[in-house]
Amino acid sequence: MPAPTDRVLSIVDELAHEAVAFTADLIRIPTVNPPGELYDECARVIGRQLEAFDFAVEYHAAEGRAEHTAAHPRVNVIGTRPGRHARPLVHLNGHIDVVPAGAGWTKDPFGGEVSDGKIWGRGSCDMKAGIAAAVFAAEAIRRAGIELNGTVEISGTVDEESGGFAGVAWLAQQRRLSAGRTDFAIIPEPLYVDRICIGHRGVYWFEVETTGRIAHGSMPFHGVNAIEHMGVVLDRIERELVPKLRARTTGMPVIPVEARHATLNVNGISGGQPVDGIQTPCVADRCRAVFDRRFLAEEGFDETKAEIVALLEQVARDTPGFNYSIKDLMIVHPTQTPDGSPVVSALDRALHRVLGRSGGLVASPGTYDQKHFARLAGVPHCVAYGPGILDLAHQPDEYCNIEDLVNSTKVIALAILELTGP
Ligand SMILES: [Zn+2]
């Protein structure tokens with residue numbers, strides 16, 4: 001009689017074709033965000049699969065959230081399969097939304113094509129293969145006839161790509177995800193099959209508006225051009241702030257290594273007359289730009305914002321007629337799994353068993369739902385681990401290697417067994 005863990009691993013191999021087909025089925029539901037298409041359909045496909053695998057399934061629509069509308073309902077699904085006890089409880093969470101396909105594809109982004117050992121399509125890597133890995137890891141344990149000591153939960157949640165406020169954050173605010181019932185969380189985001197992701201940098205999205213004075217475009221000296229003043233801001237950022245940010249390095253193991261430094265991106269800019277409209281000779285009296293500043297745990301949010309305000313104040317002193325305002329759009333604090341967390345050691349041991357190696361700990365350049373588990377649900381023992389190559393996320397011709405899906409399913413299954421096993 002083979003050891004229970006050996007049985008589980010060979011059952012994952014037997015289930016591989018089902019996991020691939022399930023991933024492809026999910027890709028064929030274009031859950032594009034924005035605006036948040038077909039969430040209900042996708043949640044129900046996941047829910048039906050979980051029911052077939054002995055989970056008790058609940059659907060949670062994000063009542064009260066403005067983005068939960070009749071046209072685009074925000075529906076989350078959670079399946080629970082108790083063992084002998086309610087605790088310890090391992091929660092596996094994947095987001096069901098995908099970003100728009102964009103241009104440059106040679107495959108049908110929503111065709112769910114399986115070829116060359118890969119599953120192709122928008123959301124294959126980020127992160128419908130990850131959801132399949134979670135579902136089939138739990139199923140392999142059941143088919144091996146193992147009754148767990150604790151409980152497994154699997155959720156498919158909405159809107160991660162736009163902040164997760166109607167998804168994981170909402171479930172945490174409803175106390176459906178909470179320290180009172182959830183011990184460990186694994187989010188199978190695509191951070192490479194051999195690595196464990198322990199958190200992410202902070203995010204500060206803000207809008208700067210410059211205001212000038214309208215005048216006739218043939219006599220611009222009678223006005224104040226808000227676009228030119230935004231140009232002064234951008235120039236000052238490029239010459240003075242960006243070199244400072246590049247010189248700062250976090251101790252977190254962020255990948256790619258370029259993202260170990262603080263960064264700033266201009267998301268968008270808009271000022272004066274719409275360029276496609278009929279033009280009149282006017283000095284632009286308004287210009288707005290949105291910025292994406294990624295800050296390090298070592299920097300902190302207050303210092304990050306203060307540095308930007310100080311730069312704008314300096315521009316105001318140096319530039320006659322300069323007027324500005326700044327508005328916070330989104331603040332996400334850095335998140336990191338505690339040292340010595342059992343969820344990290346369980347995954348690390350599983351990686352050595354399945355792959356013969358562990359790529360070690362990494363941190364994500366971008367934020368993901370771990371922040372809501374840690375800060376809103378109060379579940380610090382949370383990591384991201386799943387199949388998929390980070391660099392392919394949000395790209396044309398996104399794919400997930402079937403081999404990675406299978407290996408990651410094995411790793412998650414072994415981690416469940418260690419964290420809540422017999
Ligand atoms: Zn993702």
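This is a predicted model, so every value here is computed, not measured.

1. Focus on the overall build of the chain
Right, so step 1: Helix and strand counts for the chain stand at nine helices and 16 strands.
Right, so step 2: Rg of the C-alpha trace for the chain: 24 Å, near the compact-globule value of 22 Å for 422 residues, within the 12% margin.
Right, so step 3: In terms of its C-alpha atoms, the chain occupies a principal-axis envelope of roughly 90 × 45 × 40 Å.
Right, so step 4: Within the chain, the fraction of its 422 residues that count as buried is 55%.
Right, so step 5: A separation of at least 24 residues holds for 81% of the contacts in the chain among residues at least 6 apart in sequence.
Right, so step 6: Of the roughly 17000 Å² that the chain leaves accessible, carbon and sulfur atoms contribute 53%.
Right, so step 7: Here the chain carries 40 positive and 54 negative side-chain charges, and the mean point of each set is 3 Å from the other.

2. Quick notes on the coordination of the zinc ion
Right, so step 1: Looking at the zinc ion, one finds its protein donor set to be His 95 (NE2), Asp 126 (OD), Glu 189 (OE) and Glu 189 (OE), positioned 1.9 to 2.8 Å from the metal centre.
Right, so step 2: Metal-centred angles of 51 to 147° between the four donor atoms at the zinc ion mark the site as irregular.
Right, so step 3: All donors to the zinc ion come from one chain, and their sequence spacing reads H-x30-D-x62-E. Placement of Asp 126 in helix 3 (residues 124–143) and of Glu 189 in the loop between strand 7 (184–187) and strand 8 (196–200) is noted, with a sequence separation of 63 residues between them. Accessibility assignment for this pair places Asp 126 and Glu 189 in one class, buried.

3. Side note on the sheet that holds strand 5 (residues 118–120)
Right, so step 1: With respect to topology, three strands assemble into an open sheet ordered 4-5-16, the strand pairing being antiparallel. Edge positions in the sheet fall to strand 4 (114–115) and strand 16 (399–401), since each has one partner strand and no second.
Right, so step 2: Of the pairings in the sheet, the one linking strand 4 to strand 5 comprises two bridges and is antiparallel in character. Paired with Val 114 across the bridge in strand 5 is Ile 119.
Right, so step 3: Its contacts with the sheet place helix 1 (residues 4–27) against strand 4 and strand 5, and it is angled at close to 15° to strand 5.
Right, so step 4: Together, strand 4, strand 5 and strand 16 form the strand contacts of helix 9 (residues 402–420), whose direction differs from that of strand 16 by roughly 60°.

4. Considerations on the side chain of Ser 408
Right, so step 1: Within the secondary structure layout, Ser 408 lies in helix 9.
Right, so step 2: We classify Ser 408 as buried; its relative accessible area is 0%.
Right, so step 3: Beyond its immediate chain neighbours, meaning those up to four positions away, Ser 408 contacts Ala 133, Val 193, Tyr 385, Gly 386 and Pro 387.

5. A few points about the packing of helix 1 against helix 9
Right, so step 1: At a minimum axis distance of 9 Å, the contact between helix 1 and helix 9 shows a crossing angle of 135°. It follows that helix 1 is oblique to helix 9 by the angle criterion. The element helix 1 and its partner helix 9 pack so that their crossing is right-handed. When helix 1 is examined against helix 9, the residues Thr 5, Val 8, Leu 9, Val 12, Asp 13, Ala 16, Ala 19, Val 20 and Thr 23 are found in contact with a partner set consisting of Ile 402, Leu 405, Val 406, Thr 409, Lys 410, Ala 413, Leu 414 and Leu 417.

6. A short note on the side chain of Asp 126
Right, so step 1: Of the side chains bearing the opposite charge, Arg 122 lies closest to the buried Asp 126, which forms no salt bridge; the N-O distance is 7.5 Å.
Right, so step 2: In this view, Asp 126 contacts His 95, Asp 97, Val 98, Glu 161, Glu 189, Pro 190, Ala 393, His 394 and Glu 398; residues no more than four positions away in its chain are not counted.

7. What about the pairing of strand 3 (residues 89–95)?
Successive residues of a regular strand alternate their side chains across the two faces of the sheet.
Right, so step 1: Summarising burial for strand 3: seven of the seven residues are buried, a large majority.
Right, so step 2: Residues of strand 3 alternate between two faces, with Leu 89, His 91, Asn 93 and His 95 on one and Val 90, Leu 92 and Gly 94 on the opposite face, all of them buried.
Right, so step 3: Pairing between strand 3 and strand 6 (residues 151–157): seven bridges, direction parallel. If you follow Leu 92 over to strand 6, its bridge partner there is Ile 154.
Right, so step 4: Bridge count for strand 3 against strand 7 is three bridges, and the pairing is parallel. Paired with Val 90 across the bridge in strand 7 is Phe 184.

8. Looking at the layout of surface pockets
Right, so step 1: Put simply, the largest pocket is a space of about 630 Å³.
Right, so step 2: Classifying every residue of the lining of the largest pocket by side-chain character gives 10 nonpolar, seven polar and seven charged.

9. A look at the nonpolar core
Right, so step 1: Residues Ile 46, Leu 92, Ile 154, Ile 186, Leu 347 and Leu 405 are the most contacted members of the largest nonpolar core, which totals 93 residues.
Right, so step 2: The greatest single-element share of this core, amounting to 12 residues, is contributed by helix 3.
Right, so step 3: Not counting the four nearest positions on each side in its chain, Leu 92 is found in contact with Ala 134, Val 152, Glu 153, Ile 154, Ser 155, Ile 186, Ile 412 and Ile 416.
Right, so step 4: With 23 residues, the next largest nonpolar core counts Leu 296, Ile 308, Leu 311 and Phe 322 among its residues.

Thresholds applied
- Residues numbered from 1 in each chain as written.
- Predicted model: local features only at pLDDT ≥ 70, side-chain atom pairs only at ≥ 80, totals over all residues.
- Heavy atoms only, no water.
- Helix = DSSP H or I, 4+ residues; strand = E, 2+ residues; numbered from the N terminus.
- Rg over C-alpha atoms; globule rule 2.2 N^0.38 Å.
- Buried < 20%, exposed > 50% of the residue type's maximum accessible area, 1.4 Å probe, protein only.
- Contact = heavy atoms within 4.5 Å.
- Areas by Shrake-Rupley, 256 points an atom, 1.4 Å probe, with all protein chains shown as cover.
- Lys, Arg positive; Asp, Glu negative; His and termini not counted.
- Charge placed at Lys NZ, Arg CZ, Asp CG, Glu CD.
- Donors = N, O, S within 2.8 Å, 3.2 Å for Na, K, Ca; no water.
- Tetrahedral: all angles 85-135°; square planar, octahedral: opposite > 155°, others 65-115°.
- Pairing = 2+ DSSP bridges.
- Axes fitted to C-alpha atoms, helices over the stretch in contact; angles between N-to-C directions.
- Parallel < 35°, antiparallel > 145°, perpendicular 65-115°, else oblique.
- Left-handed = near helix turned anticlockwise from the far one by under 90°.
- Salt bridge = Lys/Arg side-chain N within 4 Å of Asp/Glu carboxyl O.
- 1 Å grid on protein atoms, 1.4 Å probe; cavity = no way out; pocket = protein on both sides within 12 Å on 5 of 7 lines; lining within 4 Å.
- Points joined across faces, edges and corners; volume = space filled by probe spheres on them.
- Nonpolar A, V, L, I, M, F, W, Y, C, P; charged D, E, K, R; others polar.
- Core = buried A, V, L, I, M, F, W, Y, C linked by side-chain atoms within 4.5 Å.

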